[in-house]
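# A structural walkthrough
Listed here are the chains, written in short residue letters.
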Amino acid sequence: MEVSGRVGWAGWCCSVLPHSAGAGPDWTVVFKTVLREGVRRSAPPRCQLPDTTPVGGQVFHTSMDGPTHYKLDPRRTASYVHRLFHVDRHTGAVTVKRPLDCSGTFYSNPVTLWLEAWSERNGAPLDYATVPIRFILSGNACRHHAAVLEREVTSWVDTAALSLPLPDPDPTDPDQLCVRRSQVILRIPDLLPRSLRKCKLEYTSVSDHRVTVEIHGGDLVSLFDTCLTGVTRVKLGLRILCSDLRAPYEHDLMLVLHSAAAAGEEGHMRRIRRQMQSAAPYFERPLETAHVLEETDRGTAVTTLTATDPENGPLSYSIEALRDARSQRMFEIDPSSGLVSTRTSLDRELISIHYFKVKAVDKTSSPPRSATTTLQINVDDANDHPPVFEREEYDTSIRESISVGSTVLTVRATDQDVGPNADLRYTILNPTGANEAFRIDPKSGELSTRLPLDREAHSHYTLTIQAEDQGPTQYRRTATTQVIMNILDENDNYPQFTERTYTVEVPEDISAAASPVIAHIQASDDDSGKNGQVRYAIIGGNTAGHFNIDGLSGEVRVAAPLDHETNRHYRLVIRSQDGGSPPRSNTTQLLVNVRDVNDNTPRFYTPLFQETVQENAPVGFSIVRVQAFDNDADDNSLLVYSIEGGGENLPVEVEETTGWVVTRRDLDREENHHYHFTVVARDHGDPPQSASATVILQIQDQNDNDPVFSPKNYEVSVSESDYPGTPVVTVTATDKDENPRLHYAITSGNERGRFSITAQNGRGLISLAQPLDYKQERKYILTVTATDSGGRYDTATVYVNVSDANTYPPQFENTPYSATIFEDQPVGSTVIMVAASDGDTGENARITYSLSGETVPEFVIHPSTGAITTTKPLDREAQGGYLLTVTARDNGTPQLSDTTDVEITVVDVNDNSPVFSEASYRTTVPEDASKGTSVIQIKASDADSGINGRVRYTFDGGNDGRGAFSVDETSGIIRTTRQLDREAVDKYHLVALAVDNGAPEKSSSVTVTVDVEDVNDNPPLFKTDRIQLYITENSPVGSTVGEVRAEDPDVGANAHIQYSIIGGPDQQNFSMVAHPSEGRAELVTRVDLDYESPKKKYQLYVRATSAPLRSDIPVTVHVVDINDNAPVLTDFRIIFNNFNNHFPVGPIGRVPATDADVMDQVSSPPRLYEDIRQCGVEG
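Just so it is clear, the structure is predicted and the values come from calculations on it, not from any experiment. (Residues numbered from 1 in each chain as written. Predicted model: local features only at pLDDT ≥ 70, side-chain atom pairs only at ≥ 80, totals over all residues. Heavy atoms only, no water.)

## What about the packing of aromatic side chains?
Definition in use: Two rings from Phe, Tyr or Trp (for Trp, the six-membered ring) form a pair when their centres are within 6.5 Å of each other. A pair whose planes differ by under 30 degrees is stacked, one over 60 is edge-to-face, and the rest are tilted. A run of DSSP states H or I qualifies as a helix once it reaches four residues; a run of E qualifies as a strand once it reaches two. Both are numbered from the N-terminal end. A 1.4 Å probe rolled over the protein chains alone gives each residue an accessible area, and that area as a share of the maximum for its type sets the label: buried under 20%, exposed over 50%, partly exposed in between.
What the rule picks out here adds up to 16 aromatic pairs. An angle of 35 degrees between the planes, with centres 5.1 Å apart, marks the rings of Tyr 605 and Phe 629 as tilted. Of this pair, Tyr 605 sits in the loop between β43 (603–604) and β44 (608–614) while Phe 629 sits in strand β46 (residues 628–629), placing them 24 residues apart in sequence. For Tyr 605, a relative accessible area of 25% translates into the label partly exposed. When the centroid spacing of 4.9 Å and the interplanar angle of 80 degrees are considered together, the rings of Phe 965 and Tyr 988 count as edge-to-face. Of this pair, Phe 965 sits in strand β74 (residues 965–967) while Tyr 988 sits in strand β76 (residues 987–996), and the two are 23 residues apart along the sequence. Each member of the pair Phe 965 and Tyr 988 is classed as buried.

## A closer look at the sheet that holds strand β41 (residues 569–578)
Backbone hydrogen bonds are what pair the strands of a sheet, in a parallel or an antiparallel way. Applied cut-off: Criterion used throughout: strands pair if DSSP finds at least two bridges between them. Axes here refer to lines fitted to C-alpha atoms; in helices the fit is confined to the stretch in contact. Angles between the N-to-C directions go from 0 to 180 degrees.
Across the sheet, four strands lie side by side as β35-β42-β41-β38; this open sheet has mixed pairing. The open sheet has two free edges, formed respectively by β35 (501–507) and β38 (534–540), since each of these has just one partner strand. Adjacent strand axes in the sheet meet at a mean angle of 30 degrees when their direction is disregarded. Pairing analysis gives seven bridges linking β35 to strand β42 (residues 585–595), with the strands arranged parallel. What sits directly across from Thr 501, in β42, is Gln 589.

## Here's the deal with the nonpolar core
We count it as follows: Nonpolar cores were defined as sets of buried Ala, Val, Leu, Ile, Met, Phe, Trp, Tyr and Cys residues, with membership established by side-chain atoms within 4.5 Å. For this analysis, residues touch if any pair of their heavy atoms sits within 4.5 Å.
Core analysis: the biggest nonpolar cluster contains 54 residues, and Phe 85, Leu 113, Phe 135, Leu 186 and Leu 255 have the highest contact counts within it. For this core, the element with the highest residue contribution is strand β8 (residues 128–138), accounting for five residues. Here Leu 113 is in contact with Leu 72, Thr 77, Val 81, Phe 85, Val 94, Val 131, Pro 132, Ile 133 and Phe 135, once residues within four sequence places are set aside. Counting 25 residues, the second largest nonpolar core, distinct from the first, contains Phe 709, Tyr 714, Val 729 and Tyr 780.

Quick look at the structure:
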């Protein structure tokens, strides 16, 4: 060891015994060291470069471990150097570009190059470096001052700076790196340029007490367990001795240690460079942002940019447009203050953002240093553009049945401005009147209905929509557009007849074969298209099929012959129905009156009338009534009687209206005792019809005995339904005269000529002459006279009680009937009351109602009131409607009846909840399914109808897998809304709801279990980015270094992991022992490990494979030092030169004792100092 210093006392030799501070054995070393006077540190020469070096010749190779790019630092390297030398961008090789000159005439000698090296890839061991290189140019032109140059250069000590990202940050604190005692931090020789790697290094100093350099391998190691935080700077002093240099030279190495986690941060490299390079101007931020309002005056101040010069030099500012050259003409910067201002009026719509490179230059430095930043100028909007609608006019069609709140269309306007100036609000300018049916969302422009629509009231709407921006109130701009809406028809109107009831009269002899039109039924429907097309049908009163109707025109025609005498009136129920879906209908009545025609001939009650008359019968004596009847009506039934035949002197005549044959002159039995003639009855029809009967009169002699009735009083009942000619009662009178010929006559009480009496076999047969009417007369008191031919007579009283006949059938008042009932009405609820009327009285008019046709157990009808009530609960879902046939019967004999249909519609109520087709659903979906993948379709049905049965689907609250799934509310298809991850959630329990639209709503829920199928989408993962293992030196081969374990979030076969060593410079020194059942592997040694060797840290790569996925991780094995080396003390000599009576006090040098164990600190025992002291006393 050489110790510099100058002392003035004589020396001698001593032996010393140093002791190691470690735990190893003590061993004695005898060493000698000579302390020489006047020795100083040698000055390091630099590289000498002959000026005869050819162009293209390589003079230095800067290639380093890590950097991928090399260049000359333009800030620290003079411009002429760039003309002399070239640095390969990728290898760092320095070559000569032009002939060199060492004279110093054209440029200075020596030449200094500052090289920058950096890496653009993460994980590089060296991410940035600045390396100084000095070339002393030699040659014939500079031989005379070569020694001077060498002395000057050797006085300089250069510093190279290296930025080193340290791996393995503490996961809890990425900015902190914790190392163990004796752990290798980095290997210093590996950091040097390639041209210096064969040089010998001596380490003279370390600036940080926490670390040291292990001299055998040149490793920077930790002296004890410690943590490095933030950016740590360690300055190393080096003495470098290369084979091609005459003497070693000194160099400083600045190591800037920082966390690898921060290497990827924005601005990291810039901060490192600033700390490593000489001070240059800099802006605080890489991007400055400013705002200016468009259309402002020229010269408007925008912003002031200020750079900082650590050396406080004056700065000059300039700007350069980056993206658009037009920006350069619009802004300027004050070179002194950095004030940026406008040069012209701006238009945001022309250029909304301007980008400039702002440069600050320190011209006082040589070469000048500069800083740049980017300036972004945002031109703020002025409200100078009105809104513009996409269309000048919108035209759409909507159905009148659209529900309130439904969207009709969305209008959209755009505004070239931005911000509030382009924030548009929509309004309806003509919202009154019919347009009140609409409203518009002021933000979205969504036009929707706010009132129900009716096409029949308004089929066309025209709205004026305004779009207004939200700029300052006084500067707001607007635009308008027209929205024209045509309302499409829905079948919401019933057909309407032109008359409530139609009446027509038809002659009974109308020809049915010609199908004549007797009436024209007309109905109109306010709807349009098929909804307004009406069809007609006869649905009641046409039981015998006498009529039909044309379904399109409504013409009613006769289909079968009519007979006034059978049926005088018809009440037809006609329905008009439109073509909508579902159709709507209405009904009316057509009353058809059948007009009588003279199609019946008169008929006598008997074709032969025989009568006797006394010859003393006075003139005008009524002999016999020859009566006929006619089934026609009115004038067609009025009869006129006349006599045909019988000779010219016939003593009798017939009364034209009554048919009585009366004497017109005195009879003379001696003249003629027998008369035979014909009585003709002729009606008033056109043409008239007639019939005849034969009358035989016998003239008898007179007698002197009065006829006698026995009994005197008769009582009899007769039905009003009996036909004329029906015998009522026979009265009998007797005459004691010989061969009496009695004549019977009704002399009183025969109102309206309802009865007639004829003599038959000496008796008087009272018969009906005209139909009876119980409503007009219920009782007749007839006086019957029996007169003999001599004019003698007797009377009898006949009491005729008219009994009501069942002549009128019941008739329903409104037919057919229709009614509605809600399905939730309780049993016993009255649905409808039917009513029929009967023109009869008494029992004949007492009506009993009953249900006929198919049995409908859900309903019953009250026999007296006609009230139809429910007998069972109704369920519209089981049967939505019923058609009942109701019969009304009177209690006459025979019974007469009428029937009608009652259509009962069961109205739905929301009494059924939706029912899912499955009690629960379960499905699977692979975890790599794309967004929107259909997972499963759930289906629910609702037995209700209409909106009550319309089902929509949703999820119950948050049971949608935390937003992982969505359900289509219409189809029930469940889809993924994002990418699934089985490793995060392997199973979803969704709760889906089916909700109807009833009021109140009913819903049901179902559980949908979605199992996420695993796919091998996760590689095995290590818990850290790299693995640090530690093993003490001298461990035997096959020792376990540590455990390697990865985890695979997948399951099953996808989670099986295989471990292997795949690379690294030291992979051959280790092997992997797998433990598949435990999911781990052990790293074991294959070589002996020695900390004092150059290899203290081993690098390899381990792979964890779950085919086909894998993960690689770097593994660092640190060899831990143990005290396995004894201290070494070489011989040394101490020479003291001292003055008389003056002995030096204090340290005089360092004992050259070393220990190969870097953790051990060598110390001398107290005895050494005692020996030295004693030597000094003796000397």
